[in-house]
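Fold and contact review
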Amino acid sequence: MIGYVPGDSLSHRLDPRTKLAVQAAFAAAAFAHTTPVGLAALTVLALGILAASATPLLPTLREYRAFAPFLVAAPLVEGATLGPPWFVPGDAVFPALASYRVVLLLLVSTAYVRTTTARDSRAAIQRLVPGRVGVVLGAGVGFVLRLLPLLRADLSSIRDATNARLGGERSTVERIRLVATTGLRRAFLRSDRFALALQARCFAWNPTLPPLSFSRRDPPAFALAAVLVASAVL
Amino acid sequence: MIEVRNLTHRYGETTAVDDVSLSVPDGQFCCLAGPNGSGKTTLVRHFNGLLSPDSGAVLINGTPVESDVVAARAGVGMVFQDPRDGFVAATVGADVAFGPENLGLDRAEIDRRVADALDAVRMAGRESDRIADLSGGERERVAIAGALAMDPDHLVLDEPFTGLDWPARRAVLDRLADLHESGVSVVVVTHDLRDVSALADRVVVLRDGRIALDAADPAPDELADLGVRPPSA
Amino acid sequence: MATTTEPVELVGDEATKNVARAAVFAAVTSATAPVSMTHPLAPNVPITLQTLWVFLAGVVLGPLWAGVSFTLYLLAGLVGLPVFAGGASGLGVVLGPTGGFLVSFPLAAAATGLVVHGVSDLRAPADVSVPRLVTAMVVGSAVIYAVGALGFSVNQGVGVVSAVATVVLPFLPVASLKVAATVAVVRSDALVAR
C-alpha cells in the first residue's frame with residue numbers, strides 16, 4: 001500500500017500547496033497532450049519528479065497492477081467491432097495513449113502521496129478552501145485518518161464474528177446485510193462518542209491552523225506548474 | 001470550584017440524576033463512585049456542557065456553564081471512559097494540540113502546551129507516535145494530556161482504569177497524584193475504589209441518581225452495601 | 001485562557017454530530033473496502049461494498065451530510081489516505097479507469113438522500129416506504145454508473161458505448177444485490193430509535 005514515507009528529498013521539503021499545483025498542472029498537460037510526443041516529454045518530467053521524490057519506479061508500478069486489466073481492456077474494447085475486420089487498430093491508438101497517460105498520472109500522484117504527510121495535506125486544504133467549508137473538509141480529512149484504524153478493527157472483528165457464526169452457508173445478500181447492519185450500529189456508536197470528544201475539546205470554526213510556509217524552493221516548482229498549465233491551454 | 005445546584009436530568013421516563021447538589025472545591029481529589037447506571041457519567045457530562053440539565057444548574061468557577069460553554073470546556077478537562085473514543089487525530093502531538101488549536105492560541109503557545117502536557121504524563125517527546133500503536137496505559141495518559149493541554153482547573157476522568165493492568169494503572173495513578181499536587185482538582189468517576197481511594201480527599205457515592213454517601217473516609221462495608229467495590233476488597 | 005486572541009466560535013452540537021457522522025461514514029466505507037468479493041464473470045475485478053455505504057449514507061445522513069461524507073472520502077483519497085478500493089489513493093487513481101466511480105460517490109450519496117428525504121428535515125429511515133427506498137437507490141445507482149462510465153470514457157479515451165460495455169454491464173447483476181442488501185439493512189433494527 002502506498003503511503004507517506006519519511007525522507008528529505010526535494011519533494012519532502014516543498015510546501016504541499018506547491019505539490020498540489022504541480023500535480024494538477026501535470027494532469028492538465030497530460031490531458032491536453034495525449035500524443036506520442038506530448039506523453040514522451042511528460043514521461044521525462046514524470047521520471048524527474050520521481051527522482052526528486054525518492055520514489056522508485058518499478059515498485060510503484062507493481063503497486064498499481066490491479067489497474068492493468070482496465071488499462072489493457074480499454075484499447076481492446078474500443079478497437080473491437082461487431083463484424084469483419086473485428087479489430088480496427090486505428091480506433092485503439094488513442095485509448096492506448098490514454099492508458100499510458102493514466103500510468104504517468106499514477107506515478108506523479110504517488111510522488112505526492114509518498115512525500116506529503118496527511119497533516120500537511122489537511123493544512124493545505126484548510127488554507128485553500130475558505131471559511132467553514134474549509135474547516136469541515138480540512139478537519140474532516142484529519143478525522144477520517146484518525147477513525148480509519150478504529151473502524152478497520154471494528155469491521156474485522158465483525159467479519160470474524162459473522163464468519164464464525166455463519167460459516168460459508170448464507171447467501172451473499174445475507175452476508176452483506178449482516179456485516180452492514182452490525183457495521184452501521186458500530187458506526188453510530190463511534191460517531192456519537194467522537195462528537196462528544198470533539199465538543200469536549202472545543203471543536204471550533206476558527207482554530208489555529210497547522211503551520212505551513214513556503215520556502216525558496218517553492219517558486220521554481222510553481223513556475224514549472226505555470227509552464228505546464230500554459231502548455232495545456234495555449 | 002465546580003458547583004452543582006439541584007441538578008436533574010431525565011432520559012425520557014428515566015430520571016438519571018435526581019436533584020443533586022454538590023460542590024468540588026479547587027484542588028480537591030474527589031472520587032465519584034456508584035454502581036453502573038447510578039448516574040455518574042450523566043452528572044459529570046453537565047460539568048462542561050455536554051449535556052443540558054432538565055432543571056438546576058452547574059457553575060464553573062462561579063459562571064453558569066450554559067452562559068460560557070467555551071470557558072467550561074477549557075476549565076473542565078474531560079477524559080472519556082474508553083480513551084480510544086476520545087482521540088481526534090492520528091498522532092499523539094496532533095491530538096494533544098487539538099484543544100489549544102480550537103482555543104485559537106498562537107503556534108508557539110500550542111507547542112509549549114503540548115510539550116508540557118506530554119511531560120506531565122511522562123510521554124515527553126512522543127508527539128509523532130501513532131495513536132493506534134499505543135498501549136492501553138499510554139492511551140489513557142495521552143488522553144489525559146489532551147485534556148491538560150487546554151489548561152483546565154479541573155480534570156474529570158470517567159472510569160480511567162478500565163482494562164488497564166496493574167503497572168499501567170499505577171502509572172496513571174502516579175500522574176493523577178502529581179496533577180493533584182500541582183493544584184488541579186481531580187474528579188474520578190469509578191465503580192471500583194481500589195487503588196484510587198488512597199489519593200482521594202473525598203468519596204461521593206451516587207445511587208439511583210441521588211447522593212447516597214459523601215464522606216472523607218467511608219467504611220468499606222457501607223460502600224459495599226451501595227454497590228461500590230471498597231478500597232480493600 | 002488569557003492568551004486567546006479572538007472569541008472561540010464553537011461548532012454547534014448538531015453540526016459537530018454531523019461532521020462526526022460524515023467522517024465515520026467515510027472511514028467505514030474505506031474500512032469495508034477490503035471486504036471484497038471477486039466477480040464471477042470478471043475475475044480480477046474487485047467488487048467492493050463501497051456503494052452500499054453510499055446508499056446508507058444517503059438514507060441516514062440526508063442529502064447534505066451524505067454529500068459531505070463522500071466528499072471527505074474523495075478528498076482523503078486524493079491527498080493520500082488509503083481509502084480507495086484496495087487501499088489505493090492519489091490523483092492518478094481518480095483520473096484513472098475507476099476514477100469516475102469515486103467522483104460519483106458524493107453525487108450519488110446526495111441524490112439517494114434527496115429522494116429519501118427531500119430537501120426539508122430528515123425523516124426516520126424506518127418510516128420510509130420500501131418503494132421509495134428502492135427508487136432512491138436506483139437513482140443513486142444510476143448516478144454511480146453514469147458518472148463512472150463517463151469517467152472511464154474521458155480518462156481512458158474511449159467512446160461511451162465501450163465504457164458502458166466495460167464498466168457498467170458486467171456489474172449490473174451485483175448492483176441489484178447491493179440494493180437488496182441495503183433495503184434489508186435499512187428495514188432492520190439497526191436503524192430503530194435513530
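Residues numbered from 1 in each chain as written. Chains lettered and ligands numbered in written order. Predicted model: local features only at pLDDT ≥ 70, side-chain atom pairs only at ≥ 80, totals over all residues. Heavy atoms only, no water.

What about the overall build of chain B?
Across its full length, chain B holds 7 helices and 10 strands. Computed over C-alpha atoms, the radius of gyration of chain B comes to 17 Å, within 12% of the 17 Å expected from 2.2 N^0.38 for 233 residues, which places it in the range of a compact globule. With respect to the principal axes defined by its C-alpha atoms, chain B has extents near 45 × 40 × 30 Å. By residue count, 57% of the 233 residues in chain B fall in the buried class. Within chain B, counting contacts between residues at least 6 apart in sequence, those at least 24 apart form 66% of the total. Within the structure as shown, chain B displays about 9000 Å² of accessible surface, and the carbon and sulfur contribution to it stands at 44%. If the 22 positive side-chain charges of chain B are averaged to one point and the 39 negative ones to another, these points end up 4 Å apart. (Helix = DSSP H or I, 4+ residues; strand = E, 2+ residues; numbered from the N terminus. Rg over C-alpha atoms; globule rule 2.2 N^0.38 Å. Buried < 20%, exposed > 50% of the residue type's maximum accessible area, 1.4 Å probe, protein only. Contact = heavy atoms within 4.5 Å. Areas by Shrake-Rupley, 256 points an atom, 1.4 Å probe, with all protein chains shown as cover. Lys, Arg positive; Asp, Glu negative; His and termini not counted. Charge placed at Lys NZ, Arg CZ, Asp CG, Glu CD.)

As for the nonpolar core
Core analysis: the biggest nonpolar cluster contains 128 residues, and Phe143 and Val144 of chain A together with Leu43 of chain B have the highest contact counts within it. A total of 18 residues in this core trace back to one element, the largest contributor, which is helix 2 (residues 50–78) of chain C. Viewed by domain, this core spans two of them, domain 1 (1–117 + 213–234) and domain 2 (118–209) of chain A, each represented by three or more residues. The contact partners of Phe143 of chain A, leaving out residues within four places of it in the chain, are Phe194, Leu198 and Phe203 of chain A, Val88 and Phe98 of chain B together with Val19 and Ala23 of chain C. Ranked by size, the runner-up nonpolar core spans 52 residues in total, among them Cys31, Val121, Met150 and Leu213 of chain B. (Core = buried A, V, L, I, M, F, W, Y, C linked by side-chain atoms within 4.5 Å. Domains from an automatic or database assignment.)

Comments concerning the interface of chain C and chain A
At the interface, 73 residues of chain C touch 66 residues of chain A. Each partner contributes to the roughly 6100 Å² buried at the junction of chain C and chain A, and carbon and sulfur atoms together form 77% of this total. Ranking the residues of chain C by area buried against chain A places Val11, Val24 and Val79 of chain C at the top, with a combined share of 9%. The interface formed by chain C and chain A holds 2 salt bridges in total. Note that Arg21 of chain C and Asp192 of chain A form a salt bridge whose closest N and O atoms lie 4.0 Å from each other. The tally of links between chain C and chain A comes to 13 residue pairs in polar contact (both at pLDDT 80 or more). Those elements that provide at least two residues to the side of chain C that touches chain A are helix 1 (13–32), helix 2, helix 3 (91–94), helix 5 (130–156), helix 6 (160–167) and helix 7 (172–187) of chain C. Among the elements that make up the side of chain C that touches chain A, the one with the highest residue count is helix 1 of chain C (16 residues). Classifying every residue of the side of chain C that touches chain A gives 46 nonpolar, 20 polar and 7 charged. (Buried area = accessible area lost by both parts, 1.4 Å probe. Salt bridge = Lys/Arg side-chain N within 4 Å of Asp/Glu carboxyl O. Polar contact = N/O pair within 3.5 Å; in protein donor to acceptor, adjacent residues only side chain to side chain. Nonpolar A, V, L, I, M, F, W, Y, C, P; charged D, E, K, R; others polar.)

What to know about the sheet that holds strand 3 (residues 29–33) of chain B
Residue and element names in this part refer to chain B. Taken in spatial order, the 6 strands of this open sheet run 6-7-8-3-9-10, and their pairing is mixed. Both edges of this open sheet fall to strand 6 (76–79) and strand 10 (210–215), since each of them pairs with a single strand only. Each neighbouring strand pair of the sheet contributes to a mean axis angle of 20°, computed without reference to strand direction. Here helix 5 (residues 136–148) sits on the sheet in contact with strand 6 and strand 7 (154–158), set at roughly 160° to strand 6. (Pairing = 2+ DSSP bridges. Axes fitted to C-alpha atoms, helices over the stretch in contact; angles between N-to-C directions.)

A closer look at a nonpolar patch on the surface
All names here are of chain A. A surface patch of nonpolar side chains, about 320 Å² in accessible area, is lined by Leu47, Leu57, Leu58 and Leu61. At 3 residues, helix 4 (residues 57–63) tops the list of elements feeding residues into the nonpolar patch. Inspection of the secondary structure assignment puts Leu57 in helix 4. A relative accessible area of 32% places Leu57 in the partly exposed class. (Patch = residues over 30% accessible without salt bridge, like charges linked within 9 Å, V, L, I, M, F, W, Y side chains within 5 Å.)

Here we look at helix 2 (residues 16–32) of chain A
Because each turn of an α-helix spans 3.6 residues, side chains separated by three or four positions end up pointing in the same direction. Helix length check: helix 2 of chain A, at 17 residues, gives a terminal C-alpha distance of 24 Å against a target of 24 Å (1.5 Å per residue), a fit within 8%. The set of residues buried in helix 2 of chain A consists of Pro16, Arg17, Thr18, Lys19, Val22, Gln23, Ala25, Phe26, Ala27, Ala29 and Ala30 of chain A. Looking at the packing, one finds that the buried side of helix 2 of chain A touches helix 1 (10–13), helix 3 (36–52), helix 6 (89–115), helix 7 (118–128) and helix 10 (218–233) of chain A together with helix 3 of chain C. A distance of 2.8 Å separates the backbone nitrogen of Arg17 of chain A from a side-chain oxygen at the start of helix 2 of chain A, and that oxygen is part of Asp15 of chain A. (Expected span 1.5 Å × (residues − 1).)

Structural notes on the pairing of strand 8 (residues 185–190) of chain B
For a regular strand, the rule is simple: side chains alternate between the two faces of the sheet. Residues and elements named next belong to chain B. Taken across its 6 residues, strand 8 has 6 buried, putting it largely inside the fold. Of the two faces of strand 8, the one lined by Ser185, Val187 and Val189 and the one lined by Val186, Val188 and Thr190 are each fully buried. Pairing between strand 3 and strand 8: 5 bridges, direction parallel. Bridge pairing in strand 8 links Leu32 to Val189. Where strand 7 and strand 8 come together, 5 bridges link them in parallel fashion. Among the inter-strand pairings, Val156 is bridged to a residue of strand 8, identified as Val187. Read as a crossover between parallel neighbours, the route from strand 7 over helix 6 (residues 166–181) to strand 8 is right-handed. (Right-handed = clockwise from strand over helix to strand, strands pointing away.)

Quick look at the environment of Asp19 of chain B
All names here are of chain B. Mapping Asp19 onto the fold places it in strand 2 (residues 14–24). Residue Asp19 is classed as partly exposed on the basis of its relative accessible area of 42%. A sequence separation of 191 residues divides Asp19 from Arg210, and the C-alpha atoms of the two residues are 7.1 Å apart. With sequence-adjacent residues up to four places away left out, Asp19 is seen in contact with Asn6, Leu7 and Thr8.

Remarks on the pattern of salt bridges
The final tally for this structure, using the stated rule, is 23 salt bridges over all chains. With its nearest N and O atoms 2.9 Å apart, the salt bridge here joins Asp95 of chain B to Arg201 of chain A. A residue pair is termed interchain when its members come from two chains, as with Asp95 of chain B in helix 3 (residues 92–102) and Arg201 of chain A in the loop between helix 9 (172–200) and helix 10. What makes Asp95 of chain B buried here is its relative accessible area of 0%. The partner of Asp82 of chain B in a salt bridge is Arg84 of chain B, with the nearest N and O atoms 2.9 Å apart. For Arg84 of chain B, a relative accessible area of 31% translates into the label partly exposed. Residues joined by salt bridges that share partners form a network here, namely Asp154, Arg186, Arg190 and Arg193 of chain A together with Asp85 of chain B.

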